[in-house]
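As a plain string of letters, each chain reads:
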Amino acid sequence: MQLLPVNLAYFLEVARTGSVTEAAHALNVAPSAISRQVAKLESGIGVPLFARHPRGMTLTEAGSRLLAHARRTETESTTLVEELRTGRGAEARSVAVACSEGFARRLVPRAIADFRRAHPDVAFRVDVVARQEATRRVVEGLADVAVTYTMGPQHDVRVECAVVVPVAAIVPLGHELAGRDRIGLADLCAYPLALASPGTSQRELFDIGAQLEGITVRPALVCDSLAPQYEFVRAGGGLALVGDLGDLGNLGDLGDGERDTATEGVTYVPVDHPVFRQREAQVQTATGRRPSWSATQFTELLMASLRRDRSP
């Protein structure tokens with residue numbers, strides 16, 4: 001059942017397909033009806049929502065902002081209809097979490113397990129995505145909460161909690177750097193490195209720091225997934241960087257009860273450089289949207305977990 005106004009529903013389909021004809025086919029209505037509703041929407045708002053091209057339509061900046069609003073509204077409508085049909089209240093709905101890979105390894109699943117001990121009727125969906133995608137999903141109503149990295153102010157989401165997470169080198173046990181309290185970039189770059197790809201926040205900051213230090217680095221391995229980086233280090237290929245709470249723990253060896261196959265055979269040595277303090281780990285929720293009771297309670301648990309893991 002569709003609770004969205006007709007003009008918004010038609011707008012959403014044109015935005016999805018990029019074509020009035022395709023949208024009309026998907027909705028089983030006449031193309032003229034689609035065009036008329038979109039034109040009325042643009043007239044009412046007072047700005048164009050689409051740029052018209054010979055082979056389709058693309059969103060303007062105003063259209064992109066309306067799309068985010070429309071998707072949030074659509075998600076809330078779907079949830080409300082489901083709750084009304086089933087008679088289940090907001091406290092029984094599922095919680096959707098978007099997070100980067102490192103948070104998905106330890107922090108988020110442990111928080112979910114803790115939450116479900118008290119509330120076993122709440123189900124979760126975790127989407128492991130890039131940092132910008134995690135934020136986008138919250139903005140557009142595709143996720144209730146995000147745990148991600150950011151650099152600079154955030155305007156489209158509510159930042160519930162933000163902490164600076166130090167970066168550390170992943171070092172094989174027995175390596176000559178393994179016993180150090182901390183190392184500098186020059187120490188790190190003396191060895192072959194596994195790094196994330198350019199464009200990721202950690203790599204961007206690393207490149208800035210290396211440039212400031214006058215260090216030229218040619219990574220031995222470029223990979224955005226953590227598992228290959230760990231295996232590269234364990235196999236003696238070199239060192240890697242990690243900044244995710246789920247992997248750092250307390251920046252030291254994990255106890256026997258904390259070890260898993262991903263982190264066995266390595267330890268962590270903090271990398272001391274001010275450039276890495278520009279990045280924050282954040283818990284984000286949507287502005288202007290009423291969260292469910294479950295999402296609110298789980299967000300508070302995530303915040304407590306994030307702060308606890310940063311405590312000395």
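First things first, this report covers the structure right here in the doc. (Residues numbered from 1 in each chain as written. Predicted model: local features only at pLDDT ≥ 70, side-chain atom pairs only at ≥ 80, totals over all residues. Heavy atoms only, no water.)

Moving on, we come to unusual backbone geometry. It is generally the case that most residues other than glycine have a negative phi and that most peptide bonds are trans. For Asn28, which is not a glycine, the phi torsion comes out positive at approximately 60 degrees. Counting through the fold element by element, Asn28 comes out in the loop between α2 (20-27) and α3 (31-45). (Helix = DSSP H or I, 4+ residues; strand = E, 2+ residues; numbered from the N terminus.)

Turning to the side chain of Thr299, a few remarks are in order. Mapped onto the fold, Thr299 is located in helix α12 (residues 293-309). Engagement of the side chain of Thr299 in a polar contact is seen with the backbone oxygen of Ala295, the distance being 2.7 Å. The contact partners of Thr299, leaving out residues within four places of it in the chain, are Val145, Glu160, Val283 and Thr285. (Polar contact = N/O pair within 3.5 Å; in protein donor to acceptor, adjacent residues only side chain to side chain. Contact = heavy atoms within 4.5 Å.)

Turning our attention to the nonpolar core. In terms of nonpolar packing, the biggest core is built from 22 residues, with Phe103, Val108, Phe298, Leu302 and Leu306 touching the most fellow members. Sorting the residues of this core by element identifies β3 (95-99), α6 (107-118), β5 (145-150), β6 (157-164), β12 (280-286) and α12 as the ones contributing at least two each. Residues Phe11, Ala23, Ala33 and Val38 belong to the second largest nonpolar core, which totals 20 residues. (Core = buried A, V, L, I, M, F, W, Y, C linked by side-chain atoms within 4.5 Å. Buried < 20%, exposed > 50% of the residue type's maximum accessible area, 1.4 Å probe, protein only.)

Another point: helix α1 (residues 6-17). The first and last C-alpha atoms of α1 sit 17 Å apart over twelve residues, in line with the 16 Å expected at 1.5 Å per residue. Within α1, the full set of buried residues consists of Leu8, Ala9, Tyr10, Phe11, Leu12, Glu13 and Val14. Trailing α1 by a residue or two, Gly18 shows a phi angle of about 75 degrees, which is positive. (Expected span 1.5 Å × (residues − 1).)

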